Amino acid sequence: MDNHDDLLINRTSSSASTPLLLDQEASDILNECDNLLPPLPNNPHIGRLDPRRWFLHWRIWSSKLGRLGSNIVSPFLEERGSSQAVLTGLCTLFVTGTILGLILPKSAALPTPWYRIVSSVIGYTYFLCWSVSFYPQVISNWKRKSTDGLSADFCGLNVLGFAFYATYNLCFYYSTKIQHQYQQRHHDGSKVTVQSNDVAFAVHALVLSLITFCQIIYYSNRRNAHHPHKVIGILMALIVTAVLICFVLVLVGKYEWLDLLYMLSYIKVTISLIKYVPQVILNYQRKSTVGWSIWNIILDFTGGLLSDLQLIGDCADFGDWTGITGNLAKFGLGFVSISFDIIFMVQHYVLYPGQHADTPTTPLLHLPDEVEEEQVGRRYNNEDESDSGLLGG
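Residues numbered from 1 in each chain as written. Predicted model: local features only at pLDDT ≥ 70, side-chain atom pairs only at ≥ 80, totals over all residues. Heavy atoms only, no water.

### Examining the overall build of the protein
Right, on to step 1. Broken down by element type, the protein carries 16 helices and zero strands.
Right, on to step 2. Of the contacts made within the protein by residues no fewer than 6 positions apart, 81% connect residues no fewer than 24 positions apart.
Right, on to step 3. Of the roughly 19900 Å² of accessible surface on the protein, a fraction of 65% belongs to carbon and sulfur atoms. (Helix = DSSP H or I, 4+ residues; strand = E, 2+ residues; numbered from the N terminus. Contact = heavy atoms within 4.5 Å. Areas by Shrake-Rupley, 256 points an atom, 1.4 Å probe, with all protein chains shown as cover.)

### Concerning the packing of helix α8 (residues 152-174) against helix α10 (residues 196-218)
Right, on to step 1. As a packed pair, α8 and α10 sit with axes 8 Å apart at the nearest point and diverge in direction by 155°. The angle between α8 and α10 falls in the class roughly antiparallel. Crossing hand, α8 versus α10: left-handed. (Axes fitted to C-alpha atoms, helices over the stretch in contact; angles between N-to-C directions. Parallel < 35°, antiparallel > 145°, perpendicular 65-115°, else oblique. Left-handed = near helix turned anticlockwise from the far one by under 90°.)

### Quick notes on the packing of aromatic side chains
Right, on to step 1. For the structure shown, the criterion picks out 21 aromatic pairs.
Right, on to step 2. Ring geometry for Trp130 against Phe201: centres 4.9 Å apart, planes inclined by 35°, an arrangement best described as tilted. With a gap of 71 residues between them, Trp130 in helix α6 (residues 113-132) and Phe201 in helix α10 connect regions that are remote in the sequence. The residues Trp130 and Phe201 share a single accessibility class, namely buried.
Right, on to step 3. Ring geometry for Tyr165 and Tyr168: centres 6.4 Å apart, planes at 10°, overall stacked. Placement of the pair is Tyr165 and Tyr168 together in helix α8, with a separation of three residues, close to one helical turn.
Right, on to step 4. Here Lys145 stacks its cationic end above the ring of Trp142, 4.8 Å away from the centre of that ring. (Phe/Tyr/Trp six-rings, centres within 6.5 Å; stacked < 30°, edge-to-face > 60°. Buried < 20%, exposed > 50% of the residue type's maximum accessible area, 1.4 Å probe, protein only. Lys NZ or Arg CZ within 6 Å of the ring centre and 35° of its normal.)

### Let's talk about helix α11 (residues 230-251)
Right, on to step 1. Its 22 residues place the ends of α11 32 Å apart at the C-alpha level, agreeing with the 32 Å of an ideal helix rising 1.5 Å per residue.
Right, on to step 2. Three or more residues of α11 are buried, namely Ile232, Ile239, Val243, Cys246 and Val250. All buried residues of α11 fall inside an arc of 65° around its axis, so they share one side. Every exposed residue of α11 that faces more than 90 degrees away from the buried side is listed here: Lys230, Ile234, Leu238, Leu244 and Leu251. (Expected span 1.5 Å × (residues − 1). Arc of directions from axis to C-beta.)

### Focus: the nonpolar core
Right, on to step 1. With 57 residues, the main nonpolar core has Phe164, Tyr168, Phe172, Phe201, Ile271, Trp295 and Phe344 as its most contacted residues.
Right, on to step 2. Ranked by residue count, the leading element in this core is α8, at eleven residues. (Core = buried A, V, L, I, M, F, W, Y, C linked by side-chain atoms within 4.5 Å.)

### Observations concerning helix α7 (residues 134-144)
Right, on to step 1. Within α7 the residues assigned to the buried category are Phe134, Pro136, Gln137, Val138, Ile139, Ser140 and Asn141.
Right, on to step 2. Looking at the buried residues of α7, the elements they touch are α6, α8, α10 and α13 (294-318).
Right, on to step 3. One or two steps after α7, the chain reaches Lys145, where phi turns positive at roughly 55°.

### Looking at unusual backbone geometry
Right, on to step 1. Within the chain, Lys145 stands out as a residue other than glycine whose phi angle is a positive 55°.
Right, on to step 2. You can see Lys145 is positioned in the loop between α7 and α8.
Right, on to step 3. Taking relative accessible area as the criterion, Lys145 reaches 39% and is therefore assigned partly exposed.

### Considering the pattern of salt bridges
Right, on to step 1. Taken as a whole and assessed by the stated rule, the structure comprises one salt bridge.
Right, on to step 2. Across the pair Asp148 and Arg286 runs a salt bridge whose closest N-O atoms are separated by 3.8 Å. You can see Asp148 sitting in the loop between α7 and α8 and its partner Arg286 sitting in helix α12 (residues 257-286), a full 138 residues away along the chain.
Right, on to step 3. The partly exposed category is assigned to Arg286, whose relative accessible area is 27%. (Salt bridge = Lys/Arg side-chain N within 4 Å of Asp/Glu carboxyl O.)

### With respect to empty space enclosed by the protein
Right, on to step 1. Taken as a whole and judged by the stated rule, the model has two cavities of 30 Å³ or more.
Right, on to step 2. Approximately 250 Å³ is the volume attributed to the largest cavity.
Right, on to step 3. Counting residues per element, the ones that place at least two in the lining of the largest cavity are α7, α8, α10, α12, α13 and α15 (328-351).
Right, on to step 4. Its residues assigned to classes, the lining of the largest cavity shows eleven nonpolar, eight polar and three charged. (1 Å grid on protein atoms, 1.4 Å probe; cavity = no way out; pocket = protein on both sides within 12 Å on 5 of 7 lines; lining within 4 Å. Points joined across faces, edges and corners; volume = space filled by probe spheres on them. Nonpolar A, V, L, I, M, F, W, Y, C, P; charged D, E, K, R; others polar.)

### Brief notes about a nonpolar patch on the surface
Right, on to step 1. Residues Ile245, Phe247, Val248, Leu249, Leu251, Val252 and Tyr255 make up a contiguous nonpolar surface patch of roughly 650 Å² in combined accessible area.
Right, on to step 2. As for its placement among the helices and strands, Val252 is situated in the loop between α11 and α12.
Right, on to step 3. A relative accessible area of 57% means that Val252 is categorised as exposed. (Patch = residues over 30% accessible without salt bridge, like charges linked within 9 Å, V, L, I, M, F, W, Y side chains within 5 Å.)

### Observations concerning the layout of surface pockets
Right, on to step 1. Taken as a whole, the second largest pocket spans an internal volume of roughly 340 Å³.
Right, on to step 2. Around the second largest pocket sit 21 residues that line it, and Ser107, Ala109, Tyr173, Val192 and Val194 are the ones nearest its centre.
Right, on to step 3. Listed by contribution, the elements that provide at least two residues to the lining of the second largest pocket are α6, α8, α9 (176-185), α10 and α13.
Right, on to step 4. Considering only residue class, the lining of the second largest pocket consists of nine nonpolar, nine polar and three charged.

### Concerning the confidence of the model for the protein
Right, on to step 1. Looking at the protein as a whole, its pLDDT mean stands at 74, while 64% of the residues score no less than 70.
Right, on to step 2. Looking across the protein, the model is least confident in helix α1 (residues 4-9), with a mean pLDDT of 45, and most confident in α8, with 91.
Right, on to step 3. The low-confidence segment residues 357-377, where pLDDT is below 50, has 30 contacts with residues more than four positions distant or belonging to other chains.
Right, on to step 4. Throughout residues 387-393 the model reports pLDDT below 50, and contacts reaching past four residues in sequence, or to other chains, amount to eight contacts. (pLDDT = per-residue confidence, 0-100.)

Structure follows, in structure tokens:
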């Protein structure tokens, strides 16, 4: 045949022996189109309107976009935490955070215009780091069909802590009454340092923590599953009871709503101190960090550094350091995360290295294999050459 448009327009039995340079999926759909669509005139210019031709181009570009997405996601699924994967993953998040910080709304409360951009970039980068840190663990649990190596006590405390932290941030950001009480207590004109990215992270973290905890429950009957201790359950019940008592005292006028929120922030920091301990002990008992995602640690560490950096920068820009004492939850959360993440990295890279086998991972996106990709690429190039010849004619 003179060109590939003829092949798409008029595939007769005589041309059935001509190999189609398409993957099997594309070939099947083209065959279906042949059965459903009437034959078009044997004119290469009309052939450009054939839906089968447009499908071919869509299939090529969707394959390229799928491979790009797979390359972006793959570093975060590498469980060994190699230097190349860590560098690639962090660069991706820093670039994405910079773009979000530049295009999304900034905090109008910050007095210095240029620092609004800096604070926004730092804020959305730490938001991405802390938010993405939940996904590798969820995906690892799902792929392994097990939560072996993941502490159930850690997951339960995580849900409770982020429930309090989300409430704290939502109230500070949206409630004018809370903001007014804050300004009265921390000198006139003091600004609340909770920003939109703090709210987004807290709510997102709560949702992902719930998903991980549901995985713990779902895989609890599987082998090697780690079950929560009764002591942790009793502790969580006592914490919830204390919060309910404080809530009633606020309703009767003994305390302000701001006091309740501060209580939630202190509990969140306390939970962060407690929740990591069972995981450290579990890693020590197993002499391994397999099942405990290293990306959870690396991104938590990076997010903690950036979170405290943003808070210190915001206070310096305001010229009011009460923003740290007035937002102890954010500062304390970042500091506690950094401290424990250092312990986890020592366990993973120094004490128990080489535990993660270099096994192939199942791609999240279905892509054609190398042979099929090469075939589709050749077909694409041939059609471009055919188009150039037709335009030239």
